[in-house]
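Letter by letter, the chains look like this.
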Amino acid sequence: MTTRKVRYKKLNTKTPLPVLREDQIDPTEYESLTTESQIATGVEQAEENEYHLQAALKSVGASADNEIPVPPPQNSVEANYDELYPTPYIEPRNYIKFSDTVEETIRGSLYDMTAEDEDFLKTYNTKRSAKEKLSEDEFEHFMEVLEDTASEQAPYAAVDNTVVSYDVMYHSMVRRIGSVKLAETHAKPVYEYWKSRRQDNANMSLNPAVKFETHQEHDDMDPYVCFRRREVRQTRKTRARDVQVADKLKKLRRELEDGRQLVVFSRQREFLKRELLKADRLVFEQRAKLKEIKIRLNIKTDDDDLVNTKPQKRPRTEAQQPPRATPHGQVRQGARPDRSMEQVDLPELSHKLAEKENELRHDVEVKVQNHRRWNQNFVDLTADPLPPVQQEKELSFRPAKTTFLMTPPASSASDSMEIDDIAPSTPSAPEKSLAPFVFKGATPEDSDQEEVPSYRRRVGRSGRLWIDRRTTRTKTESSILPHELSSLQSDRWKYDQDDDDDGGPSTYKIDTNSLLQMKFRSTIPPPPALQNRRQGTDPAQLQGYPNRPALPQVQIPSVSSAAPSAPSVPPQAQPVQASSS
Amino acid sequence: MSPGILNGEPAVGPDGPRQKSMATADTLRVGCIALVEKDGQARRAEILSIKDTKSGRQFYCNFDNFNKRLDEWVPSRRIKFDHDVEWPSPDKDKPKDGKGKNSTAPKKKVTGNKAQKRPGKREQSVTSEAVTPRPWPELSESQTQSRPSTPRDLELKTGQTPAAIGDEMDLDDDNNTPEVKKEYEPFSREREIEKLRTGGSMTQNPTELARIRNISKVQFGPWDLFPWYFSPYPESFTQEDVIFICEFCLSYYGEKKPFCRHRQKCSLQHPPGNEIYRDDYVSFFEIDGRRQRTWCRNLCLLSKMFLDHKTLYYDVDPFLFYVMTQKTEKGHHLVGYFSKEKESADGYNVACILTLPQYQRKGFGRLLIQFSYELSKIEGKLGSPEKPLSDLGLLSYRQYWSEMILDLLLEYNERDEKSSIEAISTALAMTTQDVEHTLQALKMQAYHKGEHKLVIPESMIKQRGMAKLKQKRYIAPERIQWKAPVFTASTRTWGW
């Protein structure tokens with residue numbers, strides 16, 4: 001073996017290679033790669049060394065032509081070719097298209113008679129008159145039917161040696177051989193002959209056939225068994241990649257299916273819409289007719305007849321009907337009972353709104369009553385009672401009744417459900433009870449109640465009449481100085497500013513020694529670090545100022561947390577509260 | 001090289017020393033290796049079968065390093081009884097498998113291995129191992145070659161058969177493994193067969209019977225053909241001196257009378273398929289094995305007589321047959337054909353390929369090969385013939401490949417352009433491996449000044465010029481009327 005002088009680069013199939021002729025290169029300069037390379041031939045390993053092949057391979061490129069010897073064919077002497085293949089062939093102009101099978105191209109029966117058959121037929125025919133003679137074609141037809149029927153009726157004849165009975169054979173012969181007479185005449189002798197031949201042939205098909213698989217055990221070893229049925233194709237082992245791809249395809253398929261469903265559904269929806277439109281139109285037309293009739297009959301109504309009310313409101317409007325419809329309905333009902341039904345369909349907006357409002361009000365009222373009942377015999381004596389403490393004033397004390405002018409409705413009168421707004425604007429009875437339900441907690445305003453001057457009349461000894469008086473003086477007891485309170489109320493919005501106002505830290509004037517401030521400072525939440533540790537009880541959060549941890553701003557809560565409605569309510573509401581208690 | 005050298009050298013006996021002694025015509029057994037006269041020379045030959053005829057005892061001999069198609073029945077007078085006869089190793093000569101039990105076993109294993117790699121897929125064309133002519137010498141040869149310490153091997157490599165050195169290389173490297181294993185487990189053959197049976201993919205007939213040609217003469221059209229190999233025609237045909245095959249429908253008859261009757265009824269005058277190519281010389285027909293089961297089975301039986309590396313184990317359904325015919329006033333005569341898997345997992349564009357013997361050495365083989373590549377070009381695929389190739393197949397393909405590549409390279413050379421293996425492969429619809437192997441075989445690859453180059457030897461240019469004077473025939477691609485057939489999932493289910 002020669003050793004390489006140069007280490008070759010591996011040859012890539014994509015590398016462009018210069019193509020040179022041998023004379024274009026200095027023969028001493030290049031090394032042929034092939035001197036010691038082993039060439040894969042693809043020939044069976046055991047045969048590669050065969051003498052003739054090696055000789056032939058060596059001669060490639062050489063002038064000598066070494067051929068591999070094979071047994072030579074010869075022109076057949078015994079067969080008369082022209083006799084065997086007499087039909088001349090006419091070539092069609094176009095390329096041949098052909099799909100008939102071999103069996104279909106055979107003109108005549110598929111059974112080919114043997115020399116033995118020929119002998120039988122000859123002797124058989126000698127006994128017969130010219131008319132009754134059986135021709136070769138007819139004989140083959142008989143044999144074919146017999147063979148076919150046998151393979152049909154007894155496919156395992158060769159194994160279990162079943163012989164199909166004459167009756168069965170006779171029937172199929174009569175059926176398949178056109179002429180009954182012919183079948184009747186020859187069936188029996190041909191059947192007997194066929195039977196004997198089959199028995200001689202181990203009851204196998206008379207036409208020699210290749211062996212197909214019959215029994216697995218012997219078949220594998222039998223070289224004559226061929227054309228086996230194929231095993232079911234093995235599915236390729238699924239690799240991870242295949243699975244991935246399959247999943248992707250599945251997903252894609254699913255998504256496409258979803259899209260299809262969407263389209264189908266939207267199509268359905270459009271159909272339904274069309275139906276709806278049709279129905280609406282029909283309704284409208286009916287109404288138009290109704291209108292016409294009304295006009296003709298001189299019944300005056302407004303255009304409501306033509307308005308399409310929303311169907312889901314119907315049950316409600318019907319329930320409402322009696323109170324609402326009574327004014328008009330009674331008049332009309334006499335005239336036209338069916339029109340009252342129309343009326344049900346056409347409620348007025350104002351009615352609806354009123355109804356809604358009533359409901360709401362009723363609801364609130366009930367809740368208020370409930371709450372009150374719930375709190376009835378309950379006195380909250382804790383330090384900072386949540387519900388307002390029912391003053392345990394003697395019943396006989398009566399608050400002084402002062403008449404105030406009613407507060408005008410809030411300028412931005414809206415349908416907002418804020419109790420605070422509603423309360424002043426609607427002086428009806430239920431509203432009065434609303435005020436106490438503003439949670440006030442233990443706030444300075446609680447003391448407002450005490451400020452109300454109240455009086456008591458009692459009969460003293462010997463019939464003396466006493467008038468006890470409680471004045472606003474009680475306020476002092478709550479230790480809030482009048483001026484402080486007023487300042488409290490007046491500067492309530494003092495520190496308020498827009499959240500996004502990012503001018504430097506604003507400073508506020510605070511009387512640090514005031515009682516209020518001191519009281520508040522005690523409620524100042526701990527520093528944020530601590531605060532975070534107990535988020536659940538974050539005081540800032542509790543007080544509704546999560547965004548303002550800075551001290552000066554936090555000071556507000558002590559006031560405002562008392563009552564959001566504080567600014568407007570206290571002065572005017574006082575008499576109301578008093579009277580209710 | 002002289003035949004004498006080849007005769008003895010590469011085919012040294014089996015590994016173990018075989019018992020040698022004199023023998024007579026009566027004591028000679030199946031499996032013995034004796035010196036037999038062949039074409040005037042004495043050659044080692046394995047006795048595969050023995051039969052008694054009126055003229056005396058005859059022996060079926062497989063000659064050492066001759067293809068099996070040259071096997072023949074010889075009378076005892078041609079056997080040199082004055083030389084020692086090698087007796088079959090007793091441990092391998094198990095009576096249970098009948099005759100001829102010897103170290104063919106490992107070879108069968110090889111086949112089985114191949115078959116297992118593609119289970120259930122192939123119907124044909126795996127080499128029939130049992131049928132391979134000379135199992136023992138080659139086998140041991142290749143084994144010993146991988147152990148260079150043996151002096152004999154060294155001698156071999158430096159000897160006169162350099163090409164043989166490369167021969168141990170096989171496309172399937174796995175093949176070597178079981179062989180080596182076999183050395184240590186002499187009884188693994190049965191185990192191997194059992195394995196194949198459960199694997200359900202055996203494509204070979206393991207019997208020794210298939211190593212022996214069973215049909216002596218075939219009357220086919222105006223020709224008498226002498227089969228080369230075993231073919232599983234009905235067993236009764238083995239007794240016939242001559243069998244008859246209809247030239248058009250390829251039906252087979254053991255007797256003359258039914259054959260003549262058949263000829264009166266047979267109306268076929270061309271292969272039963274669609275013509276997809278026609279020129280004034282040949283036509284091609286495409287035939288679907290599923291549709292034309294009878295015809296294609298007949299074709300396979302016929303071609304098996306001339307193809308060793310073909311198995312009829314499975315049915316013809318998964319194959320398409322491209323049949324080349326030549327037209328006379330009698331009809332389209334079968335010249336040759338190639339079969340092609342409808343779906344080839346390995347990218348093969350040819351499964352089996354055959355030119356009938358009466359048309360051989362006339363350039364039909366290269367027409368078949370060219371046609372197979374033209375189809376691949378239409379399909380837009382690279383193709384390669386299924387392996388293993390026969391000796392004749394290898395030569396035909398080598399010739400076709402080298403001609404095509406040479407022509408292509410000369411064009412490149414004239415235009416002073418560079419080429420690459422891939423460019424050649426694409427232009428010719430050949431696989432890059434085939435291109436590379438051909439370049440190596442032609443010794444055209446060179447490594448020069450740090451780069452790979454393709455160098456066209458002067459002798460080849462001359463040879464090519466001379467060959468061109470012969471006016472060879474080619475397939476005209478524009479005459480092909482063909483679209484790659486598409487098979488639905490149901491038609492691809494080969495099981496019935």
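All values reported here derive from a predicted model rather than from experimental measurement.

Asks: I'm lost on the overall build of chain B in this one. Help?
Replies: In terms of helices and strands, chain B carries 14 helices and 20 strands. Residue burial in chain B is summarised as follows: out of 496 residues, 62% are buried. Across chain B, every contact between residues at least 6 apart in sequence was considered, and the portion connecting residues at least 24 apart equals 65%.

Asks: Quick question: what am I supposed to make of the overall build of chain A here?
Replies: Counting its secondary structure elements, chain A contains 24 helices and six strands. Across the 581 residues in chain A, those meeting the buried criterion constitute 30%. Long-range pairs, those at least 24 residues apart, make up 56% of the contacts in chain A with a sequence separation of at least 6. Of the accessible surface of chain A, which amounts to about 40000 Å², a share of 55% is contributed by carbon and sulfur atoms.

Asks: I tried to follow the side chain of Thr431(B) on my own but got confused; where do I start?
Replies: Locating Thr431(B) in the fold gives a position in the loop between helix H12 (421-428) and helix H13 (432-441). Discounting chain neighbours no more than four positions away, the residues touching Thr431(B) are Leu382(B), Gly383(B), Ser384(B) and Ser425(B).

Asks: Which parts of the structure should I look at to understand the side chain of Asn298(B)?
Replies: Residue and element names in this part refer to chain B. Its place among the elements puts Asn298 in helix H9 (residues 293-304). For Asn298, a relative accessible area of 4% translates into the label buried. Excluding anything up to four places from it in sequence, Asn298 contacts Tyr233, Cys249, Leu250, Ser251 and Tyr252.

Asks: Which parts of the structure should I look at to understand the pairing of strand S19 (residues 445-448) of chain B?
Replies: Regular strands place their side chains on alternate faces of the sheet. All names here are of chain B. Burial of the side chains of S19 extends over both faces: Gln445 and Tyr447 are buried on one face and Ala446 and His448 on the other. Note: S19 against strand S20 (residues 451-456), four bridges, orientation antiparallel. Within S20, the position partnered with Tyr447 by the bridge is His452. Where S19 folds back onto S20 in an antiparallel hairpin, the turn is made up of two residues, including Lys449, whose phi is positive at roughly 50 degrees.

Asks: Just to check I follow, could you spell out the sheet that holds strand S7 (residues 218-220) of chain B for this structure?
Replies: Within a sheet, each strand pairs with its neighbour through backbone hydrogen bonds, oriented either parallel or antiparallel. Here five strands make up an open sheet; going across it, the order is S3(A)-S8(B)-S7(B)-S9(B)-S10(B) and the pairing mixed. Of all the strands in the sheet, the pair left with one neighbour each is strand S3 (74-75) of chain A together with strand S10 (252-253) of chain B. Looking at chain direction, strand S9 (residues 243-245) of chain B and S10(B) are connected through two bridges and run antiparallel. Of the residues in S10(B), the one forming a bridge with Phe244(B) is Tyr253(B).

Asks: When you look at unusual backbone geometry in this model, what are you seeing that I'm missing?
Replies: The phi torsion of most residues other than glycine is negative, and most of the peptide bonds are trans. Residues and elements named next belong to chain B. Of note, the amide linkage connecting Lys387 to Pro388 takes the cis form, showing an omega dihedral of 0 degrees. One non-glycine residue, Arg361, lies in positive phi territory at about 65 degrees. Within the secondary structure, Arg361 sits in the loop between strand S16 (353-355) and helix H10 (364-379).

Asks: Sorry, what's going on with the nonpolar core here?
Replies: Tyr233(B), Ile245(B), Phe284(B), Leu302(B), Phe321(B), Phe371(B) and Leu409(B) are the most contacted members of the largest nonpolar core, which totals 111 residues. Ranked by residues supplied to this core, first place goes to helix H11 (residues 391-415) of chain B with 12 residues. Here Leu302(B) is in contact with Phe220(B), Tyr233(B), Ile245(B), Leu250(B), Leu334(B) and Leu356(B), once residues within four sequence places are set aside. Counting residues in hydrophobic clusters, the runner-up holds 26 residues, among them Tyr111(A), Ile177(A), Val190(A) and Tyr193(A).

Asks: Which parts of the structure should I look at to understand H10(B)?
Replies: Within an α-helix, residues lying three or four positions from one another point in the same direction, as the helix has 3.6 residues per turn. All names here are of chain B. Relative to the 22 Å expected for 16 residues at 1.5 Å per residue, H10 spans 23 Å between its end C-alpha atoms, a close match to the ideal helical length. With 12 of 16 residues buried, H10 is to be regarded as a mostly interior element. All buried positions along H10 are accounted for by Phe364, Arg366, Leu367, Leu368, Ile369, Gln370, Phe371, Ser372, Tyr373, Glu374, Leu375 and Ser376. Among the residues trailing H10, Gly380 stands out with phi positive, at a value near 75 degrees.

Asks: I tried to follow the UniProt feature "active site" (unreviewed entry) in chain B on my own but got confused; where do I start?
Replies: All names here are of chain B. Using the residue numbers shown here, the UniProt feature "active site" (unreviewed entry) corresponds to Glu386. Mapping Glu386 onto the fold places it in the loop between strand S17 (384-385) and H11. When its relative accessible area of 3% is taken as the criterion, Glu386 is described as buried.

Asks: Sorry if this is basic, but what is going on with the confidence of the model for chain B here?
Replies: Predicted coordinates in regions of low pLDDT should not be interpreted in detail. All names here are of chain B. For chain B, mean pLDDT is 75; residues scoring 70 or higher make up 71% of the total. Below pLDDT 50 for its whole length, residues 92-188 participates in 237 contacts with residues either more than four positions away or in separate chains. This model gives residues 192-205 a pLDDT under 50, and the stretch forms 40 contacts once residues within four places in sequence are excluded. With pTM at 0.60, the complex prediction returns an ipTM value of 0.71.

Asks: How do you make sense of the sheet that holds strand S12 (residues 283-288) of chain B when you look at a structure like this?
Replies: Residue and element names in this part refer to chain B. Judged by pairing direction, the sheet is antiparallel, and its five strands sit side by side in the order S11-S12-S13-S14-S16 without closing on themselves. Looking at which strands have only one partner, the edges of the open sheet turn out to be strand S11 (274-278) and S16. Mean inter-strand twist for the sheet, computed between neighbouring axes without regard to direction, equals 25 degrees. Pairing of strand S13 (residues 319-328) with strand S14 (residues 331-341), which is carried by 10 bridges, proceeds in the antiparallel orientation. Bridged to Tyr322 within S14 is Phe338. H9 rests against S12, S13, S14 and S16 of the sheet, and its axis sits at about 80 degrees to S13. The strands touched by H10 within the sheet are S11, S12, S13, S14 and S16, with S14 carrying the most contacts at an inclination of about 50 degrees.

Asks: What is the right way to read the pairing of strand S5 (residues 454-459) of chain A from this model?
Replies: All names here are of chain A. Examined bridge by bridge, S5 and strand S6 (residues 465-470) share six bridges and lie antiparallel to one another. When the sheet's bridge partners are listed, Ser454 is paired in S6 with Arg470. What sits between the antiparallel neighbours S5 and S6 is a turn of five residues, in which Ser462 has the positive phi angle 50 degrees.

Asks: Is there a simple way to explain the confidence of the model for chain A in this structure?
Replies: All names here are of chain A. On average, residues of chain A carry a pLDDT of 71, and 56% of them reach 70 or more. Here residues 474-478 is modelled with pLDDT under 50, and outside its nearest four sequence neighbours on either side it reaches six contacts, counting other chains as well. Under a pLDDT of 50 for its full length, residues 548-581 has, in the predicted model, 56 contacts with residues more than four places off or in other chains.

Asks: Explanation requested: the packing of aromatic side chains in the structure shown.
Replies: In this description, an aromatic ring pair is defined by two values, namely the gap between the centres and the angle between the planes. This model, assessed by the stated rule, comprises 31 aromatic pairs over all chains. A centroid spacing of 5.6 Å and a plane angle of 20 degrees characterise the contact between Phe120(A) and Tyr124(A), whose relative ring orientation is stacked. One end of the pair is Phe120(A) and the other is Tyr124(A), both in helix H4 (residues 115-126) and four residues apart, which spans about a single turn. With respect to class, Phe120(A) is no different from Tyr124(A); both count as buried. Ring centres of Tyr233(B) and Phe237(B) lie 6.1 Å apart, and the angle between their planes is 20 degrees; on these two criteria the pair is classed as stacked. One exposure class covers both Tyr233(B) and Phe237(B), and it is buried. A connected cluster of aromatic rings, assembled from ring pairs, spans Tyr277(B), Phe284(B), Tyr322(B), Phe338(B), Phe371(B) and Trp482(B). The side chain of Arg43(B) reaches across the aromatic face of Tyr51(A), ending 5.8 Å from its centre.

Asks: I tried to follow the environment of Phe237(B) on my own but got confused; where do I start?
Replies: Inspection of the secondary structure puts Phe237(B) in the loop between strand S8 (223-225) and S9. Expressed as a C-alpha distance, the spacing of Phe237(B) and Tyr252(B), which sit 15 residues apart in the sequence, is 9.5 Å. Excluding anything up to four places from it in sequence, Phe237(B) contacts Pro208(A), Ile215(B), Ile243(B), Tyr252(B), Tyr253(B) and Gly254(B).

Asks: How do you make sense of H9(B) when you look at a structure like this?
Replies: Residue and element names in this part refer to chain B. Between the first and last C-alpha of H9 there are 16 Å, a value that for 12 residues agrees with the 16 Å anticipated at 1.5 Å per step. Judged by how many residues are buried, H9 sits mostly within the fold: 10 of 12 residues are covered. Burial in H9 covers these residues: Trp295, Cys296, Arg297, Asn298, Leu299, Cys300, Leu301, Leu302, Ser303 and Lys304.

Asks: In this structure, what is going on with the packing of H11(B) against helix H14 (residues 458-469) of chain B? I would like to understand it.
Replies: Think of two packed helices as two axes; the pair is described by the angle between the axes and how far apart they sit. All names here are of chain B. Between H11 and H14, the least distance of the axes is 11 Å, while the angle of their chain directions is 110 degrees. Accordingly, the angle class assigned to the pair H11 and H14 is roughly perpendicular. Contacts between H11 and H14 involve Glu403, Leu406, Asp407 and Leu410 from the former and Met460, Ile461, Arg464 and Lys468 from the latter. The residue makeup of the contact of H11 with H14, split by class, is four nonpolar, no polar and four charged.

Asks: Even after reading the chapter, I still don't get the pattern of salt bridges, so can you show me in this structure?
Replies: Counted according to the given criterion, the structure contains 51 salt bridges over all chains. In this structure, the salt-bridge partner of Glu72(B) is Lys38(B), at a minimum N-O distance of 3.2 Å. You can see Glu72(B) sitting in strand S5 (residues 72-75) and its partner Lys38(B) sitting in strand S2 (residues 33-38), a full 34 residues away along the chain. Taken together, the salt bridges that share partners define one network made up of Asp112(A), Glu118(A), Glu136(A), Asp137(A), Glu140(A), Lys257(B), Arg261(B) and Lys265(B).

Reading the values: rules and limits
- Residues numbered from 1 in each chain as written.
- Chains lettered and ligands numbered in written order.
- Predicted model: local features only at pLDDT ≥ 70, side-chain atom pairs only at ≥ 80, totals over all residues.
- Heavy atoms only, no water.
- Helix = DSSP H or I, 4+ residues; strand = E, 2+ residues; numbered from the N terminus.
- Buried < 20%, exposed > 50% of the residue type's maximum accessible area, 1.4 Å probe, protein only.
- Contact = heavy atoms within 4.5 Å.
- Areas by Shrake-Rupley, 256 points an atom, 1.4 Å probe, with all protein chains shown as cover.
- Pairing = 2+ DSSP bridges.
- Core = buried A, V, L, I, M, F, W, Y, C linked by side-chain atoms within 4.5 Å.
- Expected span 1.5 Å × (residues − 1).
- UniProt positions renumbered as here; feature names shortened; annotations may be inferred.
- pLDDT = per-residue confidence, 0-100.
- Axes fitted to C-alpha atoms, helices over the stretch in contact; angles between N-to-C directions.
- Phe/Tyr/Trp six-rings, centres within 6.5 Å; stacked < 30°, edge-to-face > 60°.
- Lys NZ or Arg CZ within 6 Å of the ring centre and 35° of its normal.
- Parallel < 35°, antiparallel > 145°, perpendicular 65-115°, else oblique.
- Nonpolar A, V, L, I, M, F, W, Y, C, P; charged D, E, K, R; others polar.
- Salt bridge = Lys/Arg side-chain N within 4 Å of Asp/Glu carboxyl O.

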